Amino acid sequence: MLTELSIRNFAIIEALSVSLEKGLTVLTGETGAGKSIIIDAIHLLVGGRGSAEFIRHGEKKAEIEGLFQIDDELHPVYQKASELGIEISDGMIVLRRDMSTNGKSVCRVNGKLVTIALLREIGRTLIDIHGQHEHQELMDERLHLQLLDQFGGERIAKALGEYQKLYKEYDHAMKQLQKLGQNEQQMVHRLDLIQFQFDEIQRANLKLNEDEELSEERKKINNFEKIHEALQTSYLALSGEQRGLDWLSVAMNNLEEAADLDETVKTITEPVSNSYYVLEDAISSIREQLDALEYDSERLDFIESRLNEINQLKRKYGGTIEEIVVYGAAIEEEIETLLNRETHITKLESQIKSVKADLLLEAKNVSELREKYARQLTKKIQQELKELHMQKTVFEAHFHHTAFSFSDSSTIGRNGLDEMEFYISTNPGEPLKPLSKIASGGELSRIMLALKSIFSKHQGITSIIFDEVDTGVSGRVAQSIAEKIYKVAIDSQVLCISHLPQVAAMADTHLYIAKNIKAGRTNTSVHPLKYPDKVKEIGRMISGVEITDLTKQHAEELLQQTEKIKQIAGV
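The notes below deal with the structure included here. (Residues numbered from 1 in each chain as written. Predicted model: local features only at pLDDT ≥ 70, side-chain atom pairs only at ≥ 80, totals over all residues. Heavy atoms only, no water.)

## So, the packing of helix 5 (residues 184-204) against helix 11 (residues 321-339)
Between helix 5 and helix 11, the least distance of the axes is 9 Å, while the angle of their chain directions is 140°. Between helix 5 and helix 11, the angle is such that the two are oblique. Regarding helix 5 and helix 11, the two cross each other, and that crossing is left-handed. Contacts from Met187, Arg190, Leu191, Ile194, Gln195, Gln197, Phe198 and Ile201 of helix 5 reach helix 11 at Ile324, Tyr327, Gly328, Ile331, Glu332, Glu334, Ile335, Leu338 and Leu339. (Axes fitted to C-alpha atoms, helices over the stretch in contact; angles between N-to-C directions. Helix = DSSP H or I, 4+ residues; strand = E, 2+ residues; numbered from the N terminus. Parallel < 35°, antiparallel > 145°, perpendicular 65-115°, else oblique. Left-handed = near helix turned anticlockwise from the far one by under 90°. Contact = heavy atoms within 4.5 Å.)

## Some thoughts on helix 11
A rise of 1.5 Å per residue sets the reference length of helix 11, with its 19 residues, at 27 Å; its end C-alpha atoms lie 27 Å apart and thus fit the reference within 8%. Buried within helix 11 are the following residues: Ile321, Ile324, Gly328, Ile331, Glu334, Ile335, Thr337 and Leu338. (Expected span 1.5 Å × (residues − 1). Buried < 20%, exposed > 50% of the residue type's maximum accessible area, 1.4 Å probe, protein only.)

## A word on a positive patch on the surface
A contiguous patch of positive charge, built from Arg155, Lys372, Arg375 and Lys379, is present on the exposed surface. Of all the elements, helix 12 (residues 341-387) adds the most residues to the positive patch, at three residues. Along the chain, Lys379 turns up in helix 12. (Patch = residues over 30% accessible without salt bridge, like charges linked within 9 Å, V, L, I, M, F, W, Y side chains within 5 Å. Areas by Shrake-Rupley, 256 points an atom, 1.4 Å probe, with all protein chains shown as cover. Salt bridge = Lys/Arg side-chain N within 4 Å of Asp/Glu carboxyl O. Lys, Arg positive; Asp, Glu negative; His and termini not counted. Charge placed at Lys NZ, Arg CZ, Asp CG, Glu CD.)

## Some words on the environment of Glu309
For Glu309, the location among the structural elements is in helix 10 (residues 297-317). Residue classification places Glu309 among the partly exposed positions, given a relative accessible area of 33%.

## Some remarks on the nonpolar core
In terms of nonpolar packing, the biggest core is built from 81 residues, with Leu24, Phe422 and Val494 touching the most fellow members. Ranked by the residues each element gives to this core, the list is headed by helix 12, at 14 residues. Apart from residues no more than four positions distant in its own chain, Phe422 is found in contact with His144, Leu147, Leu377, Phe395, Glu396, Ala397, Lys433, Pro434, Leu435 and Phe455. Ile7, Val18, Ile42 and Leu84 belong to the second-largest nonpolar core, a separate cluster that totals 46 residues. (Core = buried A, V, L, I, M, F, W, Y, C linked by side-chain atoms within 4.5 Å.)

## As for a negative patch on the surface
Negative charge collects at one region of the surface, where Glu294, Asp296, Glu298 and Asp301 lie side by side. Along the polypeptide, Glu294 turns up in the loop between helix 9 (266-292) and helix 10. What makes Glu294 exposed here is its relative accessible area of 57%.

## Thoughts on the sheet that holds strand 2 (residues 13-19)
With antiparallel pairing, six strands are arranged side by side in an open sheet as 2-1-4-5-6-7. The open sheet has two free edges, formed respectively by strand 2 and strand 7 (112-114), since each of these has just one partner strand. Sheet twist, expressed as the mean angle between neighbouring strand axes with direction ignored, is 15°. On the sheet, helix 1 (residues 35-45) packs against strand 1 (2-10), strand 2, strand 4 (61-69) and strand 5 (92-100) and is oriented at approximately 105° with respect to strand 1. Packing of helix 3 (residues 116-123) onto the sheet brings it into contact with strand 5, strand 6 (105-109) and strand 7, and relative to strand 6 it is tilted by some 40°. (Pairing = 2+ DSSP bridges.)

## Here's the deal with the pairing of strand 5
Relative to strand 5, strand 4 is paired through nine bridges, and the arrangement is antiparallel. Bridge pairing links Gln69 to Met92 in strand 5. With five bridges connecting them, strand 5 and strand 6 associate as antiparallel partners. The partner of Arg96 across the bridge, within strand 6, is Arg108. What sits between strand 5 and strand 6 in their antiparallel hairpin is a turn of four residues, with Gly103 showing a positive phi close to 90°.

Put into structure tokens, the structure is as follows:
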């Protein structure tokens, strides 16, 4: 969940830091106080589209930072972070976004710089923001089948996994067949090209790490004089009369004589003796190096020529010798395939036919499971809508099954043969229409809330934000929405902007957003409300500006009722 949020120089917010808790957090306040601005900041924090206009007037940049605590290591954010090379320790994820007046954004995840696209990928696993008029995930018909699969859980996942294994094999064979099915002239041109490339690689007779070894040898020859001078000077300093080894010999002999007379000297004698023999071996090695050292101009010319040849091959076939060798092996296999093209085509066609038959069986199994869980989902959603006083609404998971054809490969997709979209009819006698076509604000809010009540348990989203989803409702419908939002918050952290006292009364945490004017500048502040202040705020929401003893009494009664509802909900 989102535990800490920090905002600086964003719109009318100068500096704001707020701690967030589990359960339902409701944000209330006067219109224009900055409630939606806070949600806008969170939206940008998780990769939303930004603009320099968001930066507070007179400032150079806006800063938004959020700390998320994700203890479940199976949460999708861990896999996504691993793919991006981002380390998560102690379950903490820090997202940060700085926006400057030149329109540029700097994004970080746990201190690592990322692009806005990558920030968005991380963000969509953490927060789902649902506003009254936004085109949200549940309204995107392309994702409806995925949502059904999530609802089906392990059974659909296992069946789909078996199908996709076969589909991968089928897709690979189809691409190979398509490649071999190109016209004869293209095949001949391709064969000529790769045969030339293969012959060139073979003639080079490359050896792994050859370029590194040659570069080292070239360095040695080019620095012949420096190396020879250094070795010669070292040798003369150590070997000969009155030189290093000679003096060490004198020390060793004298210490050995002293050791015969004093046992304590033996501890000094041994390391000096060892040093003498080590140094003697080193001098011998230096001498060998000097004798072997020679300047070979012909060898240097050969090395330069060979390295040039290797570099030419690198530019054509790969950045390293290993990559060139791998490429050579790949085109050798392709040459064999093209030379025996008809045989391979026959073999692939037989393989595809066999795999297609098995693919159809697995696809039918997936489709049957989807239809089974679609019926269960329909019943659950109908029940959710009934609880939201939409008992006459008809909901349906509308399938478009693709006809499986052995002659038309385009009918087969990675996710099976099914296309599915949620359809709904909100009025008796009206035909079912795609969910995305629903236009009524109040109805849309309830439908989305019903769907979210079910899917929030299957999507793994840690935080859900409802931005005035209760617009256009009142009375018993408002109470139903409040209860439904609270039930969603049992399994997920929920942040909700609301103007409904029923929703505010259900809050586990109530934050009051206020607008202040200081030194001629407007600023937004956040105040957590305790019970007395909560009573006053709910009273204001009930009656408007003037808060009377009666409205306070109504607010207290509402809060008492919600406590009973929470107990029934199992909290």
